[in-house]
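These are the residues of each chain, in order.
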Amino acid sequence: MSGKRIKKTNAMRLLTQAKIDYEVFTYRWKEDDLDARHVGAEINRPDDVIYKTLLAQGDKTGPLVAIIPSHLSIDLKKLAHASGNKKVDMLPLKDLEKTTGYIRGGCSPIGMKHQLPSYIDQRVNELDQVIVSAGQRGLQVGLVPQDLIDFIHADVADITMAHL
């Protein structure tokens, strides 16, 4: 990181208030390249530690959060099972900001408008650090996985598709 001072995001302020240690990562972003794998390349970290935040809609629960490794895809059937829903669909992009307070490419699992049921892929248990959006394009935070799980009250579950 350069010597340039970074303005704290709401997610970063919440972590600081909770006395949770985190590392800040900055990167260049482009409107046409907002995916989480781009982030890993920009901050020189492997795909399996960069987690993307996805929003889904359960038939029983309403909106819910899935946090998965950047290189994997969500398995909606597994997410439905883990969340107690019969069916889960992705939340329409047009509903993202009003549901979370965040925009595409800057959606953090930390500090959403409302506490939503959250599910993080079980692979997180294999990591020393997990990196998620800090709530703004160009900023990520890295923290101890258990700190993230505890802070957002996430359930750890198998919610990704198997590798082929």
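The name given to the protein in an unreviewed UniProt entry is Cys-tRNA(Pro)/Cys-tRNA(Cys) deacylase, and the organism recorded there is Peptococcus niger. Looking at the Sequence similarities (unreviewed entry) heading of the UniProt record, one finds this comment for the protein: "Belongs to the prolyl-tRNA editing family. YbaK/EbsC subfamily."

Glancing now at helix H5 (residues 145-152). Buried within H5 we find Pro145, Leu148, Ile149 and Ile152. Looking straight down H5, one finds that the buried residues subtend no more than 100 degrees of arc, so they occupy a single side. Against strand E3 (62-69), strand E5 (118-121), strand E6 (130-136), strand E7 (139-143) and strand E8 (155-157) lie the buried residues of H5. Where H5 ends, the next residue or the one after it, His153, has phi of about 55 degrees, a positive value.

Moving on: the UniProt feature "domain: YbaK/aminoacyl-tRNA synthetase-associated" (unreviewed entry) in the protein. Feature annotation in UniProt places "domain: YbaK/aminoacyl-tRNA synthetase-associated" (unreviewed entry) on residues 42-151, given in this structure's numbering. The annotated region residues 42-151 carries 20% helix and 32% strand content, and the separation between its end C-alpha atoms amounts to 27 Å.

Right, let's talk about the pattern of salt bridges for a bit. Within this structure, the stated rule accounts for 6 salt bridges. The salt bridge involving Asp89 is made with Lys87; its shortest N-O contact spans 3.0 Å. Overall, the relative accessible area of 49% leaves Lys87 in the partly exposed class. Arg123 is the partner of Asp121 in a salt bridge, and the nearest nitrogen-oxygen pair spans 2.8 Å. When its relative accessible area of 0% is taken as the criterion, Asp121 is described as buried. Connected via shared salt-bridge partners are Lys94, Asp95 and Lys98.

In this section: the sheet that holds strand E1 (residues 23-26). Strand order in the open sheet made by the 3 strands is E1-E7-E6, with antiparallel pairing throughout. Only two strands of the sheet have a single partner each, and these edge strands are E1 and E6. Within the sheet, the average angular offset between the axes of one strand and its neighbour, ignoring direction, is 35 degrees. Across 5 bridges, the pairing between E6 and E7 is antiparallel. Within the sheet, the bridge partner assigned to Val130 lies in E7 and is Leu143. Lying on the sheet, helix H1 (residues 10-17) is in contact with E1, E6 and E7; it crosses E7 at an angle near 25 degrees.

With that out of the way, let us pick up the nonpolar core. One finds Tyr51, Leu55, Ile110, Ile120, Val132, Val141 and Leu148 to be the most contacted residues of the largest nonpolar core, which totals 36 residues. Contributions of two or more residues to this core are made by H1, E1, helix H2 (36-43), strand E2 (51-58), E3, E6, E7 and H5. When residues of this core are assigned to their parent elements, the largest contribution, 4 residues, is made by E6. For Leu148, the residues in contact, after removing those within four places along its chain, are Pro109, Ile110, Ile120, Val130, Val132 and Leu143. Counting residues in each nonpolar core, the second largest holds 11 residues, with Ala66, Ile74, Val88 and Ala157 among its members.

Residue placement: Asp121 occurs in strand E5. Polar side-chain contacts of Asp121 include one of 3.3 Å to the backbone nitrogen of Ile159. For Asp121, the contacting residues outside a window of four places in its chain are Tyr51, Ile67, Ile68, Pro69, Val156, Ala157, Asp158, Ile159 and Thr160.

Residues Ala11, Met12 and Leu15 constitute the buried set of H1. Across the axial projection of H1, the buried residues extend over an arc of 100 degrees, all falling on one side.

Quick notes on the rules
Residues numbered from 1 in each chain as written. Predicted model: local features only at pLDDT ≥ 70, side-chain atom pairs only at ≥ 80, totals over all residues. Heavy atoms only, no water. UniProt positions renumbered as here; feature names shortened; annotations may be inferred. Buried < 20%, exposed > 50% of the residue type's maximum accessible area, 1.4 Å probe, protein only. Helix = DSSP H or I, 4+ residues; strand = E, 2+ residues; numbered from the N terminus. Arc of directions from axis to C-beta. Contact = heavy atoms within 4.5 Å. Salt bridge = Lys/Arg side-chain N within 4 Å of Asp/Glu carboxyl O. Pairing = 2+ DSSP bridges. Axes fitted to C-alpha atoms, helices over the stretch in contact; angles between N-to-C directions. Core = buried A, V, L, I, M, F, W, Y, C linked by side-chain atoms within 4.5 Å. Polar contact = N/O pair within 3.5 Å; in protein donor to acceptor, adjacent residues only side chain to side chain.

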